[in-house]
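Residues per chain, in single letters:
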Amino acid sequence: MPESGIISVHGVTKEFNSATDRSVTALTDIDLTIAEGEFVSLLGPSGCGKSTLLRILADLTPPTAGTVQVNGKTPAAARRDRDYGMVFQQAGLFEWRSVRRNVELPLQVAGVAKEERRNKASAMLDLVRLEDFASHFPWQLSGGMQQRVAIARALSADPKILFMDEPLGALDEMNREHLQAELLRIWSDTRTTVVFVTHSISEAVFLSSRIVVMSARPGRIAANIDVDLPYPRTAATRTTPEFFEKVTQVRTVLHGMLAAGETS
Ligand SMILES: Nc1ncnc2c1ncn2[C@@H]1O[C@H](COP(=O)(O)OP(=O)(O)OP(=O)(O)O)[C@@H](O)[C@H]1O
Ligand SMILES: [Mg+2]
């Protein structure tokens, strides 16, 4: 891997509808390097460009200017090589396919033989602790279970990178905290690099090794905050003074940024 990290973004700007009177500059001059194995959260107010940045990394939309490398390649090449998996706020499962067949889908698309697909799907369902639900259909699962299936599906092709856009946003707090812990366990088992979008401060602090704080209009990177709380992090981590201190530090940066924005 080049020294520049598994993900590198240089001078990225994104303008929507540039030739019209509805033009929006979603991102300005974004520089970001992510090292292999990091768990990075993109945190910031609604509309600051978190999803846009993630979508640029995942080759779902092109930048207007700047360069992006994912696993040492263009996002399009990384997409072709299945270097990353993606999880969205909604699980987006296929209702007519069983849980197992949903998880197998990326492998099927990649032309992986049936038996290998089966084995891999079983291992992934094991990882998200849903092995007993393999033959169920998505509508027979809770929202949190569906989201775990979406994570299993994203991981089935052994991607080096996982892009997640508010994957736990639709869940109640208990389920959300439970899945946060699960996600950290999966991250430490698989050593996948994770880029995670959220607007929850406590979620970002609990999960991340680093938080990239973004400011709104036009979206910029306002701060990089290392979260030096030791892993493994557990429910007990949330009750420690160090956790509260980190949450307070991040909140102060976010609020300071919002206050500065109001006066400009
Ligand atoms: N397809 C699009 N066409 C035009 N403008 C867009 C498009 N997608 C996003 N934008 C604009 O880009 C800006 C950033 O949007 P983005 O969805 O990246 O924000 P976000 O940080 O993910 O917000 P949220 O937390 O609400 O999901 C917004 O002003 C939005 O209106
Ligand atoms: Mg978004």
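Residues numbered from 1 in each chain as written. Chains lettered and ligands numbered in written order. Predicted model: local features only at pLDDT ≥ 70, side-chain atom pairs only at ≥ 80, totals over all residues. Heavy atoms only, no water.

Novice: How do you make sense of helix α3 (residues 99-109) when you look at a structure like this?
Specialist: For α3, every residue scored as buried is listed here: V99, R100, N102, V103, E104, L105 and L107. Summarising the contacts, the buried residues of α3 are in contact with α4 (114-127) and α5 (143-155). Phi turns positive, to about 80 degrees, at G111, one or two residues after α3. (Buried < 20%, exposed > 50% of the residue type's maximum accessible area, 1.4 Å probe, protein only. Helix = DSSP H or I, 4+ residues; strand = E, 2+ residues; numbered from the N terminus. Contact = heavy atoms within 4.5 Å.)

Novice: I'm lost on the packing of aromatic side chains in this one. Help?
Specialist: For any pair of aromatic rings, the description rests on two quantities: the centre-to-centre distance and the angle between the ring planes. Applying the stated rule across the entire model yields seven aromatic pairs. With 5.7 Å between their ring centres and 45 degrees between their planes, F39 and F196 make a pair best called tilted. Here the residue F39 occupies a position in strand β3 (residues 39-43), and F196 occupies one in strand β7 (residues 193-198), the gap between them amounting to 157 residues. For the pair formed by F39 and F196, the shared burial category is buried. (Phe/Tyr/Trp six-rings, centres within 6.5 Å; stacked < 30°, edge-to-face > 60°.)

Novice: For this particular structure, what's the right way to read the sheet that holds strand β1 (residues 7-16)?
Specialist: Backbone-to-backbone hydrogen bonds pair the strands of a sheet. The strands run either parallel or antiparallel. On the basis of which strands lie adjacent, the open sheet formed by three strands has the order β2-β1-β4 and antiparallel pairing. Strands at the two margins of the open sheet, each flanked by one partner only, are β2 (24-34) and β4 (65-70). Pairwise comparison of adjacent strand axes, ignoring direction, gives a mean angle of 20 degrees for this sheet. Taken together, the five bridges between β1 and β4 define a ladder with antiparallel strand orientation. By the bridge assignment, T13 is partnered in β4 with A65. (Pairing = 2+ DSSP bridges. Axes fitted to C-alpha atoms, helices over the stretch in contact; angles between N-to-C directions.)

Novice: Got a minute to help me understand the domain arrangement of the chain in this structure?
Specialist: The parts lose accessible area when they come together, and the size of an interface is often stated as this lost area. Parsing the chain into structural domains produces domain 1 (7-83 + 161-263) and domain 2 (93-158). In this structure, domain 1 and domain 2 have C-alpha centres spaced 26 Å apart. Counting from both sides, the interface comprises 15 residues of domain 1 and, opposite them, 14 residues of domain 2. Approximately 1,200 Å² of surface area, both sides summed, lies buried where domain 1 meets domain 2, with 68% of it carried by carbon and sulfur atoms. Its largest share of buried area at the contact with domain 2, domain 1 owes to R82, L179 and I186, together 38% of the area lost on that side. Taken together, the links from domain 1 to domain 2 amount to one salt bridge. R129 serves as the salt-bridge partner of E182, at 3.5 Å between the closest nitrogen and oxygen. Put simply, domain 1 and domain 2 have three residue pairs in polar contact (both at pLDDT 80 or more) between them. Elements supplying a minimum of two residues to the side of domain 1 that touches domain 2: β6 (161-165) and α6 (173-190). Take the side of domain 1 that touches domain 2: its biggest share by element is eight residues, from α6. Across the side of domain 1 that touches domain 2, the residue classes tally to eight nonpolar, three polar and four charged. (Domains from an automatic or database assignment. Buried area = accessible area lost by both parts, 1.4 Å probe. Salt bridge = Lys/Arg side-chain N within 4 Å of Asp/Glu carboxyl O. Polar contact = N/O pair within 3.5 Å; in protein donor to acceptor, adjacent residues only side chain to side chain. Nonpolar A, V, L, I, M, F, W, Y, C, P; charged D, E, K, R; others polar.)

Novice: Would you take a moment to explain the packing of α5 against α6 for this structure?
Specialist: Geometry of a packed helix pair, given as the angle between the helix axes and the separation of the axes. Packing of α5 against α6 brings their axes to within 11 Å, and their N-to-C directions diverge by 20 degrees. In terms of their interaxial angle, α5 and α6 are classed as roughly parallel. The crossing of α5 and α6 is right-handed. Facing G144, Q147, R148, I151 and L155 of α5, the residues of α6 in contact are N175, L179, E182, L183 and I186. Considered class by class, the residues forming the contact of α5 with α6 number five nonpolar, three polar and two charged. (Parallel < 35°, antiparallel > 145°, perpendicular 65-115°, else oblique. Left-handed = near helix turned anticlockwise from the far one by under 90°.)

Novice: What am I meant to see in the sheet that holds strand β9 (residues 220-226) here?
Specialist: A sheet is described by the order of its strands in space; here six strands give the open sequence β5-β6-β7-β3-β8-β9, paired in mixed fashion. Since the sheet does not close on itself, it has two edges, and those belong to β5 (84-87) and β9, each with one partner. The sheet shows a mean angle of 15 degrees between the axes of neighbouring strands, direction not considered. The pairing of β3 with strand β8 (residues 210-215) spans four bridges and is classified as parallel. Within β8, the residue paired with L42 across the bridge is V212.

Novice: Would you explain the nonpolar core in this entry?
Specialist: Nonpolar side chains in soluble globular proteins tend to end up buried together. Counting residues in hydrophobic clusters, the biggest one holds 46 residues, and the most contacted among them are F39, I151, M164, V205, I211 and V250. Per-element accounting of this core gives the leading share, seven residues, to α5. Those residues within four positions of V250 in sequence are excluded, and the remaining contacts are L43, I201, V205, I211 and I225. Membership of the second largest hydrophobic core comes to 27 residues, among which are I34, L54, I56 and V197. (Core = buried A, V, L, I, M, F, W, Y, C linked by side-chain atoms within 4.5 Å.)

Novice: Explain the pattern of salt bridges to me, please; I cannot follow it from the model alone.
Specialist: When the charged atoms of two side chains lie near each other, side chains of opposite charge can form a pair. Inspection of every chain in the model, using the stated rule, returns 14 salt bridges. Between R118 and E104 there is a salt bridge; the shortest N-O distance is 3.3 Å. Of the two residues, R118 sits in helix α4 while E104 sits in helix α3, which places them 14 residues apart along the sequence. With relative accessibility at 36%, the residue R118 sits in the partly exposed group. One salt bridge in this structure joins E203 and R176, with 2.9 Å as the shortest N-O distance. Pair noted here: E203 is in helix α7 (residues 201-207) and R176 is in helix α6, with a separation of 27 residues, a long-range link. With relative accessibility at 1%, the residue E203 sits in the buried group.

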